[in-house]
Structure formats: C-alpha cells, structure tokens
Amino acid sequence: MRLNSTLAQGRYHYSCDGREMPVQDSWQLGFDAQGRRSLVSQRLVGDRGFGIEVFALLSNGLVSECQVSWRDEVDEVTAQYHLCSPEGHSPRLGDEIKASWSGPNGPQELRVGGDNRLLFPLMRVFMGPLLKTLIKHPAGLEVVSPDIVDPSQRGKLLSPRVSHRTARIMAGDQASQRTQDLGSDISGYIYQGDEAERDAHCYVDNRSLLVGYDWPSSTGRLWQVRLRDLEWSPSLTSLLF
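Here's a quick rundown of the structure. What you see is a predicted model; the values in this text were computed from it and never measured.

Procedures and definitions
- Residues numbered from 1 in each chain as written.
- Predicted model: local features only at pLDDT ≥ 70, side-chain atom pairs only at ≥ 80, totals over all residues.
- Heavy atoms only, no water.
- Helix = DSSP H or I, 4+ residues; strand = E, 2+ residues; numbered from the N terminus.
- Rg over C-alpha atoms; globule rule 2.2 N^0.38 Å.
- Buried < 20%, exposed > 50% of the residue type's maximum accessible area, 1.4 Å probe, protein only.
- Contact = heavy atoms within 4.5 Å.
- Areas by Shrake-Rupley, 256 points an atom, 1.4 Å probe, with all protein chains shown as cover.
- Lys, Arg positive; Asp, Glu negative; His and termini not counted.
- Charge placed at Lys NZ, Arg CZ, Asp CG, Glu CD.
- Pairing = 2+ DSSP bridges.
- Salt bridge = Lys/Arg side-chain N within 4 Å of Asp/Glu carboxyl O.
- Polar contact = N/O pair within 3.5 Å; in protein donor to acceptor, adjacent residues only side chain to side chain.
- Phe/Tyr/Trp six-rings, centres within 6.5 Å; stacked < 30°, edge-to-face > 60°.
- Lys NZ or Arg CZ within 6 Å of the ring centre and 35° of its normal.
- Core = buried A, V, L, I, M, F, W, Y, C linked by side-chain atoms within 4.5 Å.

## Re the overall build of the protein chain
- Looking only at helices and strands, one finds two helices and 16 strands in the protein chain.
- For 241 residues, the compact-globule formula gives about 18 Å, and the C-alpha radius of gyration of the protein chain, at 17 Å, lands near that figure.
- Burial statistics for the protein chain: of 241 residues in total, 49% are counted as buried.
- In the protein chain, 46% of the contacts between residues at least 6 apart in sequence involve partners at least 24 apart.
- Total accessible area on the protein chain stands at roughly 12,000 Å², and carbon and sulfur atoms take up 44% of it.
- Here the protein chain contributes 26 positive and 30 negative side-chain charges, whose respective centroids are spaced 1 Å apart.

## Describing the pairing of strand S1 (residues 5-16)
- Two elements, S1 and strand S3 (residues 23-31), share seven bridges in a ladder whose sense is antiparallel. What sits directly across from Gly10, in S3, is Trp27.
- Taken together, the eight bridges between S1 and strand S16 (residues 222-232) define a ladder with antiparallel strand orientation. Opposite Ser15, over in S16, you have Gln224 as the bridge partner.
- Direction of pairing for S1 relative to strand S2 (residues 19-20): antiparallel, over a ladder of two bridges. Note that in S2 the partner of Cys16 across the bridge is Arg19.

## Digging into the pattern of salt bridges
- Under the criterion given, the structure shown has 11 salt bridges.
- Its salt-bridge partner being Arg11, residue Asp229 comes within 2.4 Å of it at the nearest N-O pair. Note that Asp229 is positioned in strand S16 and Arg11 in strand S1, a separation of 218 residues in sequence.
- In this structure, Arg36 and Asp32 form a salt bridge, with 2.8 Å as the shortest nitrogen-oxygen distance.
- Taking relative accessible area as the criterion, Arg36 reaches 27% and is therefore assigned partly exposed.
- Through salt bridges with shared partners, one network takes in Asp72, Asp75 and Arg154.

## Some remarks on the side chain of Ser69
- With respect to the secondary-structure elements, Ser69 resides in strand S6 (residues 62-71).
- Among the polar contacts made by the side chain of Ser69, one reaches the side chain of Glu76 at a distance of 2.6 Å.

## A closer look at the pairing of S6
- The element S6 is largely enclosed, with a buried count of seven among its 10 residues.
- Taking the residues between adjacent antiparallel strands as the criterion, strand S5 (residues 50-59) and S6 are bridged by two residues, where Asn60 takes a positive phi near 55°.
- As judged from the seven bridges shared by S6 and strand S7 (residues 76-84), these two strands associate in the antiparallel manner. Looking at the pairing, Ser69 lines up with Thr78 of S7.
- What sits between the antiparallel neighbours S6 and S7 is a turn of four residues.

## Overview of the packing of aromatic side chains
- Inspection of every chain in the model, using the stated rule, returns three aromatic pairs.
- Relative to Trp223, the ring of Trp215 has its centre 5.8 Å away and its plane inclined at 15°; by these criteria the two rings are stacked.
- Through pairs of rings, three or more aromatic residues link up here, namely Tyr191, Tyr213, Trp215 and Trp223.
- In this structure, Arg124 is placed above the aromatic ring of Tyr213, and the distance from its NZ or CZ to the ring centre is 4.6 Å.
- Directly above the aromatic system of Trp232 lies the positively charged group of Arg207, at a separation of 4.7 Å from the ring centroid.

## Digging into the nonpolar core
- Tyr12, Trp27, Phe126, Met127, Tyr191, Cys202 and Tyr213 are the most contacted members of the largest nonpolar core, which has 63 residues in total.
- Apart from residues lying up to four places away in sequence, Tyr12 is in contact with Val23, Asp25, Trp27, Arg124, Val125, Leu209, Leu210, Val225, Arg226 and Leu227.

Structure, rendered in structure tokens:
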C-alpha cells in the first residue's frame, strides 16, 4: 500500500494518564499508481510491526473504498470494503456496502444494507470526515467497520461490525479553552463511539483533520491522542475530496 506522491502526512501520538504509549500511528495523503487521491494509514504497536494498515479512497466526504490488512504473531488477515454505487453515480450515504475478507475457512463475502450506515475504516485520520457526517444526523448513524475487537476470533477478524454512533458540537467554557489550546479554527465534538470509547472528546480543524482525541477508559484512565509532525501542501484546502 504505497503512494506515488504525497500531498500531506502526519502521525498521532498516544498517551495514557500522561504516559507515552508505544503506538505508531501515521498517515499519508497523495496519489496512487492510478492517479487517484488516496489516504494510507497504519497503526503499529510495539517493535515487531504488528498492527493494522488501511488504504482508502474518499469521495463526497465518504470512504468509498478501502483495503485493510491486520498482521499479528499468528498471521496476516486482509479485507476489502467498498460502496456499491449505481453506475454513473458518485458514492453517497445509503449505498450498499460490500465486504470481502480472508477467514480461517477461506474467502468470505457479505453485503450490508447502506440505509443510515456509514463505512469507517477505524483509523484516527478518518475521524474528521466521520464526525462531519455524524453531526448532520442528530439521531446518529450505524457505522460499519472491520472487526478487531477480539483478534483471537479469527473467523470474525476484519468482518463487518455494525455499531450505532453519534456526535454533537461541544459547547461551554471547557470547549473554548481546549480548542484554543490545540490551535486556531478548531471545533470540539462529543462523540459516542463503541463500548471502548464512549463520551470521547474530539477536536477537528477547518481542514476536517482530527488534531486531538480524548477518552476515558472503563478503568478510569484517560487516553489522549494528538496530531504531530504534520506536513501539509499549500494547494490543499481540506482532507475531504
């Protein structure tokens, strides 16, 4: 999953209760070999290169296609997701989602109805577009993402997992202070994700780029993610395209 040229890149720094965590979460935006604007992101844990990598195409603010690779001490599992848009039409919310993944019993395939369902390939860099879409739907949407909840269940690994998610604009003095701390033109959101990340606070800049992400774990620990080492082409106005 390589790009021929790069328009922007960065990495996310993880900490838990103020202590740096051994997570390498980097991303690149650019053009692939076919000249398509593409987004590549990988999140690796530890020093053995185990983790997840995603190659994705975005269109109309949606992830229209993605390839996902999970690698651990057992083996490597791959999956492909894409929106089944009618011929001649741009991808839109409501398109059926087709998923194909490699399981222990061979190739698997499933089609998921698209009504009020949004494809989200897990990685932090895709959070900005996700939040921008969620706030347009106050009741929330069902989000379809590759399942990595329990990698030991190899039959479910990277198969479609559907969960309900919502987002709303953060208000009040706390929001103003935190967004100012992170930079100019930052918007704060309160995000209800899956079981592991409820009541998360997310911070997105005017380019739809996630710059900060805070969430309390079920054990009371505070996890924080911050964007670092950002390189951004002056010709770009937004992550969305």
